[in-house]
Amino acid sequence: MTRFWLRLLCVVLLCFFWGGTYAQTHCKVSGYVTESESGGCLIGAVVFSGEDWAVTNEYGFYALNLETGDRTIRCAYLGRHADELEISVRKDTLINIAMSPMESLKGAVVEAEIAPAIPSAYMGVMDVPVSYLREMPAVLGEPDPMKTVQKMPGVQPGMSAFAGIYVRGGGAEENLMLLDGCPMYNAFHLMGLFSSFTPEAIKQITLYKGFFPAKYGGRTSSVIDIRTKEGNLSKVSGTVSVGMLNSRLHVEGPLYKDRTSFSFSVRGTNTSILKPFRFPYSYYFYDVTGKLTQRFGNSDRLYLSFFHGRDQFNYDLTENRLFYYEDEGGLEHSIPHVSKEQYDLKWGNTSASVRWNHRFGGHVFSDFAVSWSDYRMREFSFDSDYLYWDTPAGYTRQHANTSVISDLIASWDFEATLSSNQKLSFGLTHTRHAFSPEKDYSLRTAQRDESESKEVSFYSDKNIRMTGGETAAYLEDRFHSDSFNASIGLRAILFTTEGRSYPSLEPRVSAEYVILPGLSVKAAYSRVSQYVHLLASGEIAMPTDLWVPITAEIDPVFSTHYSTGLSYAWDDRWEVSLEAYFKKEENILEYKEGQLVFTTARSEEHTSEL
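About the thresholds
Residues numbered from 1 in each chain as written. Predicted model: local features only at pLDDT ≥ 70, side-chain atom pairs only at ≥ 80, totals over all residues. Heavy atoms only, no water. Phe/Tyr/Trp six-rings, centres within 6.5 Å; stacked < 30°, edge-to-face > 60°. Helix = DSSP H or I, 4+ residues; strand = E, 2+ residues; numbered from the N terminus. Buried < 20%, exposed > 50% of the residue type's maximum accessible area, 1.4 Å probe, protein only. Lys, Arg positive; Asp, Glu negative; His and termini not counted. Salt bridge = Lys/Arg side-chain N within 4 Å of Asp/Glu carboxyl O. Polar contact = N/O pair within 3.5 Å; in protein donor to acceptor, adjacent residues only side chain to side chain. Pairing = 2+ DSSP bridges. Axes fitted to C-alpha atoms, helices over the stretch in contact; angles between N-to-C directions. 1 Å grid on protein atoms, 1.4 Å probe; cavity = no way out; pocket = protein on both sides within 12 Å on 5 of 7 lines; lining within 4 Å. Points joined across faces, edges and corners; volume = space filled by probe spheres on them. Contact = heavy atoms within 4.5 Å. Core = buried A, V, L, I, M, F, W, Y, C linked by side-chain atoms within 4.5 Å.

## Looking at the packing of aromatic side chains
So, step 1. On inspection of all chains with the given rule, the structure shows 19 aromatic pairs.
So, step 2. Seen in terms of ring centroids, Tyr-185 and Trp-547 are 5.3 Å apart; in terms of plane orientation they differ by 75 degrees. Their pairing is edge-to-face. Of this pair, Tyr-185 sits in the loop between strand S13 (182-183) and strand S14 (188-189) while Trp-547 sits in strand S33 (residues 546-549), placing them 362 residues apart in sequence. Summarising the burial analysis for this pair, Tyr-185 and Trp-547 share the class buried.
So, step 3. Considering the side-chain rings of Phe-414 and Phe-426, the 5.1 Å spacing of their centres and the 10 degrees angle between planes classify their relative orientation as stacked. Here Phe-414, found in strand S25 (residues 392-419), pairs with Phe-426, found in strand S26 (residues 422-449); they are twelve residues apart in sequence, far enough to count as distant. Each member of the pair, Phe-414 together with Phe-426, is buried.
So, step 4. Put simply, the rings of Tyr-32, Tyr-59, Phe-61, Tyr-303 and Phe-365 pair up and form one aromatic cluster.

## Describing the side chain of Asp-477
So, step 1. Along the polypeptide, Asp-477 turns up in strand S28 (residues 466-480).
So, step 2. Look at Asp-477: it is buried, it has no salt bridge, and the nearest opposite charge is Arg-478 at 7.2 Å.
So, step 3. Separated by 2.7 Å, the side chains of Asp-477 and Gln-422 make a polar contact.

## Focus on the sheet that holds strand S5 (residues 69-76)
So, step 1. The strand order S3-S2-S5-S6 describes an open sheet built from four strands, whose pairing is antiparallel. Bordering the open sheet on either side are strand S3 (52-55) and strand S6 (83-89), each of which pairs with just one other strand. Across this sheet, the average inter-strand angle for adjacent strands is 20 degrees, counted without regard to direction.
So, step 2. Relative to S3, strand S2 (residues 46-49) runs antiparallel, the two being bridged by four bridges. By the bridge assignment, Val-47 is partnered in S3 with Ala-54.

## Quick word on empty space enclosed by the protein
So, step 1. One pass over the structure, following the stated rule, counts eleven cavities of 30 Å³ or more.
So, step 2. Each pocket or cavity is described by its volume, and for the largest cavity that value is around 530 Å³.
So, step 3. Forming the boundary of the largest cavity are 30 residues, of which Leu-176, Leu-178, Gly-181, Ile-409 and Thr-429 lie nearest the centre.
So, step 4. Mapped onto the lining of the largest cavity, the elements with two or more residues apiece are strand S12 (175-179), strand S17 (222-228), strand S24 (364-388), S25, S26, S28 and strand S29 (484-497).
So, step 5. It is S25 that provides the largest number of residues to the lining of the largest cavity, a total of four residues.

## Section: the environment of Asp-344
So, step 1. Structurally, Asp-344 is set in strand S23 (residues 332-360).
So, step 2. Along the sequence, Asp-344 and Ala-400 sit 56 residues apart, while their C-alpha atoms lie 9.5 Å from each other.
So, step 3. Among residues more than four places away in sequence, those in contact with Asp-344 are Gln-312, Phe-313, Asn-314, Arg-378, Glu-379 and Phe-380.
So, step 4. A distance of 2.7 Å separates polar atoms of two side chains, one belonging to Asp-344 and the other to Gln-312.

## Comments concerning the nonpolar core
So, step 1. Ranked by internal contacts, the top residues of the largest apolar core, which has 20 residues, are Met-146, Ile-165, Met-177, Phe-197, Ile-224 and Ile-226.
So, step 2. Per element, the largest residue contribution to this core is three residues, and it comes from strand S16 (residues 202-209).
So, step 3. With near-sequence residues (within four places) excluded, Ile-224 lies in contact with Met-146, Val-149, Ile-165, Leu-176, Met-177, Leu-178, Ile-205, Thr-206 and Leu-207.
So, step 4. Grouped together as the second largest cluster of nonpolar side chains are 17 residues, Ala-45, Ile-73, Ile-87 and Ile-97 included.

Below you can see the structure in the form of structure tokens.
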């Protein structure tokens with residue numbers, strides 16, 4: 001492993017040295033592309049000058065390498081006016097572009113300019129427009145981001161449209177869901193009928209199927225990267241929605257105009273209106289999503305993100321009866337009988353992140369982040385049954401079970417634009433996993449008469465707590481020409497747990513060759529690994545399913561992807577693609593047929609004389 005890190009460092013230094021030599025006749029033009037009305041970043045905007053072009057990243061940043069002299073810079077984004085700037089390139093220059101929306105005039109047809117076709121070697125990557133959330137059919141009329149993703153090619157929903165997303169034959173646990181860079185272990189409500197993401201808070205959804213950029217790892221089927229809105233820098237605005245099942249509030253605006261903005265969303269079910277009817281069953285969920293953005297000059301931005309969501313299901317039933325009997329004298333007596341049943345199940349996610357963006361010079365963009373993600377489930381049940389003679393006789397049973405997953409993540413990612421045709425990405429991340437998959441306790445008390453009681457307690461063999469450290473470094477080089485585009489990357493991972501280390505090298509290669517104008521062929525190869533397992537009890541994902549890490553005896557899952565395809569585009573408006581893939585997985589953990597996940601608790605019995 002030591003030799004690998006030395007080679008990686010040499011490659012990075014060589015690329016920077018070569019980039020410095022190239023810069024003698026070229027200058028860097030970089031900046032941010034934003035919405036003129038709100039100041040929010042535009043992800044995927046195309047900035048180009050002649051044959052040189054760049055696409056804004058997830059923070060709206062772009063970087064161009066242009067020859068010195070007078071140049072024309074244009075910016076295009078679907079649904080917005082195409083901006084055009086005349087500049088004189090003499091030195092590295094910062095140019096921020098604010099794009100205004102296209103306006104529809106009654107009786108007139110307004111056409112947005114189509115951005116030039118941007119070559120990409122990536123396969124199986126889809127940007128899901130937020131506008132699709134309002135246009136796609138929705139469950140009970142409620143727009144939902146994950147239901148929209150489920151309708152994408154190569155993606156299938158779970159059984160009967162419930163829980164889970166299954167991508168190219170993979171399991172529901174093989175998808176990495178990121179909300180502003182924080183992993184979500186259970187991103188669904190009501191056993192998967194709804195997702196945990198409030199539609200109004202979302203800015204961008206990117207789906208990676210099969211082939212992942214070297215930046216991503218930890219899952220073997222897909223990556224779903226969700227970014228939330230930064231907030232309006234100009235004015236306060238918001239929406240209120242009342243639906244059949246839930247109601248939503250979203251508000252955003254400036255705390256300090258053009259410098260500090262916020263975005264806040266809250267959503268909750270309407271089931272509270274049923275409480276006066278005293279139903280024994282109750283269920284509700286809620287989500288809170290927030291983001292604070294601070295701009296420090298033209299080179300630094302700070303983001304504070306927060307999410308908290310919870311589900312709770314309750315069952316509470318008490319029955320009071322009277323049993324009647326006659327004694328030897330013919331007198332009628334009554335015996336009170338009281339039975340109680342209670343069940344409470346809570347689960348949900350909490351995440352928070354602090355992210356700092358910095359621009360080094362004109363061509364290096366960095367993103368440093370510290371994130372925390374927490375998922376927990378608590379289950380509690382209680383039941384009792386007593387006959388009240390002179391002394392009560394009956395039993396009481398109670399059971400409690402909790403499961404907790406906590407991740408603490410530190411990462412530093414870099415993007416360096418080396419030339420007009422080449423971009424280098426590299427970074428380092430470390431994740432500290434802490435799993436407490438099972439804390440189980442049960443108690444049963446039986447009362448026969450006033451002189452004797454029996455108590456039986458069940459408890460887990462031990463208070464299980466598993467930890468693991470995951471360190472990863474990656475390097476990816478993307479370059480293109482008129483007829484050939486490629487991405488070559490390598491991700492190195494070291495996972496340590498229970499005194500054992502699992503090193504892994506994961507190459508990622510994807511290439512595109514243009515056969516004819518508009519017609520291209522693509523091929524990709526990638527190897528990925530997964531260091532957590534989901535112990536599921538059945539076909540429907542339940543909050544009681546357990547997430548556990550690999551151990552000294554259980555190896556990680558490895559998956560190798562091969563894919564190839566054809567793509568044809570015409571009129572700058574239509575594109576048809578056909579892809580085929582082969583996927584091989586190793587070390588898959590499965591239960592025997594009919595086996596379910598239950599507690600590992602054991603019992604002890606105690607009898608005492610009163």
